[in-house]
Amino acid sequence: MQFTDILQYAFLQRAIIAGTLIAMLCSVLGVFLVLRRLSLIGDGLAHVTFGSVAMALLFSVSSVYTTIAAIPFVLLSAIGILKIAEKARIYGDAAIGIVSSLGIATGILLASLAGGFNVDLFSYLFGNILSISRTELIVAVVLFVVVLMTVGFFFNELFAITFDEELAVTSGIRVERINWILVLLTALTVVLAMKVVGIMLISALLILPAVAALQLARGFKAAIFLSVAFGVVSVLGGIFFSFIVNLPTGATIIIINFILFAITFALRKIRG
Amino acid sequence: MHGEVISIEGLSFAYQGSEVLRDITCAVKTGDYVGIVGPNGSGKSTLIRCILGLNRPVNGSISLFGVPQNSFQEWKRIGYLPQGLQLFNPNFPATVAEVVKLGLLSGKKAPKRFDHVDSAAVDRIMELMGIIAIKNKLIGELSGGLRQRALLARALVNDPDLLILDEPTTALDPETRESFYQVIKDLNRTKNTTVLLVTHDTATVGLYASRLLYLDKRIIYYGSFEDFCTSLEMTEIFGGHAQHLICRRH
């Protein structure tokens, strides 16, 4: 089979477009999250999507509406993480743990009520980028534009709070508001990414391109661009390689991501 | 012109029920160079943090340039170099130029965007601070002295009217410390920049500061350095010999 033959499949075209857009979002947000030590927020929010997906499946909601229905749940959970951390005076990781375990527990209960784990639920748990529909692609494109434009609009503020929150306060930046924006954008991206790599592996798509970029980057913007490059290469490589050798796409994407991280780590060590 | 840059009235601050600052009342005027000294835990950094709005006081009021602190917007007029940045992530992927440029955000309204004029301002301050040659180096790769220079450049890039420094020379060697303080002193003299310097180094603060604020949860002494040398309260705290040594170095 020729490479160009593969590209003629409509489902692959959709997977390539959606995968590239979502990889870009995860890679950009990942740099901010990793440097702000919020890496695991993606994991926590992904577990919430498990609860909302189980609920959608319980009520036999169609695939595209399952994704859309997850958005308010995940946004509310993101707000919940910030509020719990603030009001209960606990660290962010503990707040993420609370919301994350609540999401999983709810998902298991609802999945049990729906008659146990079925094929649909597994496709969300482990990802199925090749099954992305035309409507899901449109949702992905719209959310991509919204998230990327918001990041672009607040880029310097996001950079400032990532470098040092207190310096940002004394620069007149409303740190709390920018934190909210970052977490809400992450929530939207997590919803999009669940079909690409699956709920179980979303955090890897946020973390791995960013940490690989941080091994080599010689500046903040350079870190963002490198992260995007690694994210896109791993998603496209994962789609093609998994299609050719018939492997699960989500897991293949993450393995390629890890290999890129290992290479950059080795390069950094060699460079000294 | 000698307007009030900072005005503090009856300020008190407590952390988890324990008192850190009690009934602080003082004013800092344009062109003052105030050295804030006192023992560990005396509330020096807390006072600075209250002034900047990073800590919320229990009682009292603070005005910056005649505006109540909680509605103060002109952050461009203040340059701040905090103590904690010595502990920042050494692997943070930002170049010296990117960090210095961040200082310009305080003068911008949302969306906070940079333009070519900003790049020129960044180059100018880096030139002045002698760090232009390392503008593309990562901030984490610099020695302590160069990093502090870069962070000072960030604080100065807006040409602030008030410069607040919280133990800026901790962990610097004596030579670097000397040149660092010389830069601040020159700014105070040539541009009339008001300086607030928190330091534990009581022995040398008189070399630079024109006024001294001795804090131990409350103000023990606030006045000119000359008066400090004859203050009986300070004699009680330092002992006559130490006070004499400090004053001889002025």
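I will try to describe carefully the structure that is included in this document. Throughout this document, residue positions are counted from 1 along each chain, in the order its sequence is written. Each chain gets a letter, beginning with A, and each ligand a number, beginning with 1, in the order they are written. Restriction of local features to residues with pLDDT of at least 70 applies here, the model being predicted, together with a cutoff of 80 or more for giving and counting side-chain atom pairs; totals for whole chains, interfaces and linings are based on all residues.

### Concerning the overall build of chain B
Comment: elements are numbered from the N terminus, with helices defined as DSSP H or I runs of at least four residues and strands as E runs of at least two. A count of helices and strands for chain B gives nine helices and ten strands. To get the radius of gyration, use the C-alpha atoms; to get the globule rule, take the number of residues to the power 0.38 and multiply by 2.2 Å. The C-alpha radius of gyration computed for chain B amounts to 18 Å, which stays within 12% of the reference 18 Å derived for 250 residues, consistent with globular compactness. Considering only C-alpha atoms, chain B reaches an extent of 55 × 40 × 40 Å along its principal axes. Exposure in this text rests on C-beta crowding, where 20 or more other C-beta atoms within 10 Å of a residue's own make it buried, 12 or fewer make it exposed, and counts in between make it partly exposed. The C-beta atoms are placed from the backbone. Of all 250 residues assigned to chain B, the portion counted as buried reaches 40%. When contacts within chain B are restricted to residue pairs at least 6 apart in sequence, those whose partners lie at least 24 apart make up 68%. By the criterion used throughout, residues are in contact when their C-beta atoms, derived from the backbone, lie within 7 Å.

### Describing the overall build of chain A
The secondary structure content of chain A amounts to 13 helices and zero strands. Relative to the compact-globule value of 19 Å for 272 residues, chain A shows a C-alpha radius of gyration of 18 Å, a close match. For chain A, the C-alpha atoms occupy an extent of roughly 55 × 45 × 30 Å along the three principal directions.

### Let's talk about the interface of chain A and chain B
In this complex, chain A contributes 20 residues to the contact, which on the side of chain B involves 24 residues. Contributions of two or more residues to the side of chain A that touches chain B are made by helix H8 (155-163), helix H9 (165-169) and helix H12 (220-245) of chain A. Side-chain classes follow a simple rule in which Ala, Val, Leu, Ile, Met, Phe, Trp, Tyr, Cys and Pro form the nonpolar group, Asp, Glu, Lys and Arg form the charged group, and the remainder, Gly included, forms the polar group. The residue inventory of the side of chain A that touches chain B, partitioned by class, reads eleven nonpolar, five polar and four charged.

### Describing the pairing of strand S6 (residues 78-81) of chain B
All names here are of chain B. In S6, alternate side chains face the same way, and those of Ile78 and Tyr80 on one face and Gly79 and Leu81 on the other are all buried. Of the strand pairs in this sheet, S6 and strand S7 (residues 162-166) are connected by four bridges, and their pairing is parallel. Looking at S7, one finds that Gly79 is bridged to Leu163. Strand pairing follows a simple DSSP-based rule, namely that at least 2 bridges must link the two strands.

### Observations concerning the nonpolar core
Nonpolar side chains tend to gather and get buried jointly when the protein is soluble and globular. Joining buried Ala, Val, Leu, Ile, Met, Phe, Trp, Tyr and Cys residues through C-beta atoms within 7 Å gives a set, and that set is a nonpolar core. Within the largest apolar cluster, 159 residues are counted, with the highest numbers of intra-cluster contacts made by Ile22, Leu25, Ala193, Ile202 and Leu205 of chain A together with Val100 of chain B. Ranked by residue count, the leading element in this core is helix H2 (residues 10-35) of chain A, at 15 residues. When near neighbours in sequence (up to four residues on either side) are disregarded, Ala193 of chain A contacts Ile22, Cys26, Ile202 and Leu205 of chain A.

### Structural notes on the sheet that holds strand S4 (residues 59-64) of chain B
One open sheet accounts for four strands, arranged S2-S1-S4-S5 (chain B); its pairing is antiparallel. One side of each edge strand has no neighbouring strand; the edge strands of this open sheet are strand S2 (18-29) and strand S5 (67-68) of chain B.

### Concerning H8 of chain A
Here H8 of chain A lies mainly inside the structure; eight of its nine residues are buried. Within H8 of chain A the residues assigned to the buried category are Asn156, Glu157, Leu158, Phe159, Ala160, Ile161, Thr162 and Phe163 of chain A. Each element contacted by the buried residues of H8 of chain A is listed here: H2, helix H7 (134-153), H9, helix H10 (175-193) and H12 of chain A together with helix H2 (96-102) of chain B.

### Comments concerning the sheet that holds strand S10 (residues 218-224) of chain B
Residue and element names in this part refer to chain B. Read across the sheet, six strands follow the order S6-S7-S8-S3-S9-S10 without closing on themselves; strand pairing throughout is mixed. Strands with a single pairing partner mark the edges of an open sheet, and in this sheet they are S6 and S10. Each strand axis lies, on average, 15 degrees off the axis of its neighbour in the sheet, ignoring direction. As judged from the six bridges shared by strand S9 (residues 211-216) and S10, these two strands associate in the antiparallel manner. Within S10, the residue paired with Tyr214 across the bridge is Tyr221. Relative to S6, helix H4 (residues 144-156) is tilted by about 160 degrees, and along the sheet it contacts S6 and S7. Angular values range over 0 to 180 degrees, each being the angle between N-to-C directions of two axes fitted as lines to C-alpha atoms, with helices fitted over their stretch in contact.

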